[in-house]
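A look at the structure
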Amino acid sequence: AEVRWGVAGQALLHIALIPDPAASASGRSIELRALSADDGRELGRARIPDAHSLQVLRYDEQQGRVMLLTQPEAFDHVAWYNLVSGEQTGAFPAEGVGEAALSPDGRYLLAEQFPDTGTVLALYDLNGHSAPRVWQHPADAHSVYHRWSPDGRYVAYMLREGSTFAAESTRGLGVWVLDIETMQAQRILEDESLASLLVGWTPDSAYLLGYH
C-alpha cells in the first residue's frame with residue numbers, strides 16, 4: 001500500500017493492491033481510495049483490474065481526479081480516473097520507460113525513451129497535442145532521479161554510464177539540470193558514485209538536495 005497527499009493538502013489517496021476474484025488474469029487489482037484528511041471519511045474510489053503496479057502522478061482532490069500510469073515499466077499513455085464515478089475519463093498518448101516525472105503544475109510530463117539513435121528525455125505538454133520536445137543524452141548514458149524545481153523551470157537528474165537501465169553501469173556521470181524553456185541541459189556537479197541520489201529542490205528553486 002501507498003499513501004500520498006492531494007495537491008491541496010485536504011485529502012489523502014490510499015493506493016492498495018487487493019485480492020479480486022473478478023480479475024481473471026492475476027486475481028489481484030489495485031484500488032484507489034480517496035480519504036478526507038479531516039475525519040478519514042471516504043470521498044471516492046476507483047479500481048484498476050488486473051493491475052500489478054502503477055505510478056500515481058497527481059491527485060487533485062478538488063476535482064476528484066487522479067492522473068496515473070497503469071504500466072510504469074513501459075507506458076504508452078497517461079490515464080485520468082474520476083474517483084466519484086470510479087471510471088477512466090481520459091487518456092493522453094505519451095511513451096516512456098521507468099518512472100515519469102510530472103511538473104508541479106501538472107502540465108508537463110518528462111519521460112525517458114530509448115530509441116536506436118540514443119537515450120532521450122521527452123517533454124510532453126499535456127495541455128496540447130504537439131509532438132514532445134526532446135533532449136538527447138551523451139552517447140552510452142541514461143538518467144535517473146528526475147526532480148522538477150518548484151517553479152517548474154528546471155529538471156535535475158543524475159546521469160549514469162550505460163545506454164539503458166539494464167546495461168551494466170560502472171560509474172556516474174554527474175548531476176545535470178535541464179532547462180525546459182530551451183531544452184538544453186548542462187552538468188552542474190561531477191559525481192562518479194552509483195550510490196549517489198537526488199532528493200529534491202529547496203522551495204525557492206535555488207538549491208538541490210542530494211546524497212553522495
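Please refer to the structure higher up on the page.
The sections below set out a description of the structure shown in this document. (Residues numbered from 1 in each chain as written. Predicted model: local features only at pLDDT ≥ 70, side-chain atom pairs only at ≥ 80, totals over all residues. Heavy atoms only, no water.)

1. Regarding the sheet that holds strand β8 (residues 88–97)
- The strand order across the open sheet formed by four strands is β5-β6-β7-β8, and the pairing between neighbours is antiparallel. The strands lining the two open edges of the sheet, one partner per strand, are β5 (55–60) and β8. Averaged over neighbouring strand pairs, the angle between their axes works out to 15° when direction is ignored. (Pairing = 2+ DSSP bridges. Helix = DSSP H or I, 4+ residues; strand = E, 2+ residues; numbered from the N terminus. Axes fitted to C-alpha atoms, helices over the stretch in contact; angles between N-to-C directions.)

2. Quick look at the packing of aromatic side chains
- As enumerated under the stated definition, the model contains two aromatic pairs in all.
- Relative to Y124, the ring of F92 lies with its centre 6.4 Å away and its plane at 85°, an arrangement referred to as edge-to-face. A residue pair is termed long-range when its members are at least 10 positions apart, and F92 in strand β8 and Y124 in strand β11 (residues 120–125) qualify at 32 residues.
- Classification of F92 by relative accessible area gives buried; the value is 8%.
- The buried category is assigned to Y124, whose relative accessible area is 7%.
- Taking 6.3 Å as the distance between ring centres and 20° as the angle between the ring planes, the aromatic pair formed by Y154 and W201 counts as stacked. Note that Y154 is positioned in strand β14 (residues 154–161) and W201 in strand β17 (residues 197–201), a separation of 47 residues in sequence. (Phe/Tyr/Trp six-rings, centres within 6.5 Å; stacked < 30°, edge-to-face > 60°. Buried < 20%, exposed > 50% of the residue type's maximum accessible area, 1.4 Å probe, protein only.)

3. A short note on the side chain of D20
- Turning to its location among the elements, D20 is positioned in the loop between β2 (11–19) and β3 (28–36).
- In this structure the side chain of D20 is engaged in a polar contact, spanning 3.0 Å, whose partner is the backbone nitrogen of A22.
- Contacts of D20, omitting those with residues within four sequence positions, involve G27, R28, S29 and R47. (Polar contact = N/O pair within 3.5 Å; in protein donor to acceptor, adjacent residues only side chain to side chain. Contact = heavy atoms within 4.5 Å.)

4. Focus on the side chain of R160
- Its place among the elements puts R160 in strand β14.
- Despite being buried, R160 has no salt bridge partner; D191 is the closest side chain of opposite charge, sitting 8.2 Å away.
- A polar contact is formed between the side chain of R160 and the backbone oxygen of S196, at a distance of 3.3 Å.
- Setting aside residues no more than four positions away along its own chain, R160 makes contact with D140, A141, H142, V144, Y145, S169, R171, G172, L173, L194 and S196. (Lys, Arg positive; Asp, Glu negative; His and termini not counted. Salt bridge = Lys/Arg side-chain N within 4 Å of Asp/Glu carboxyl O.)

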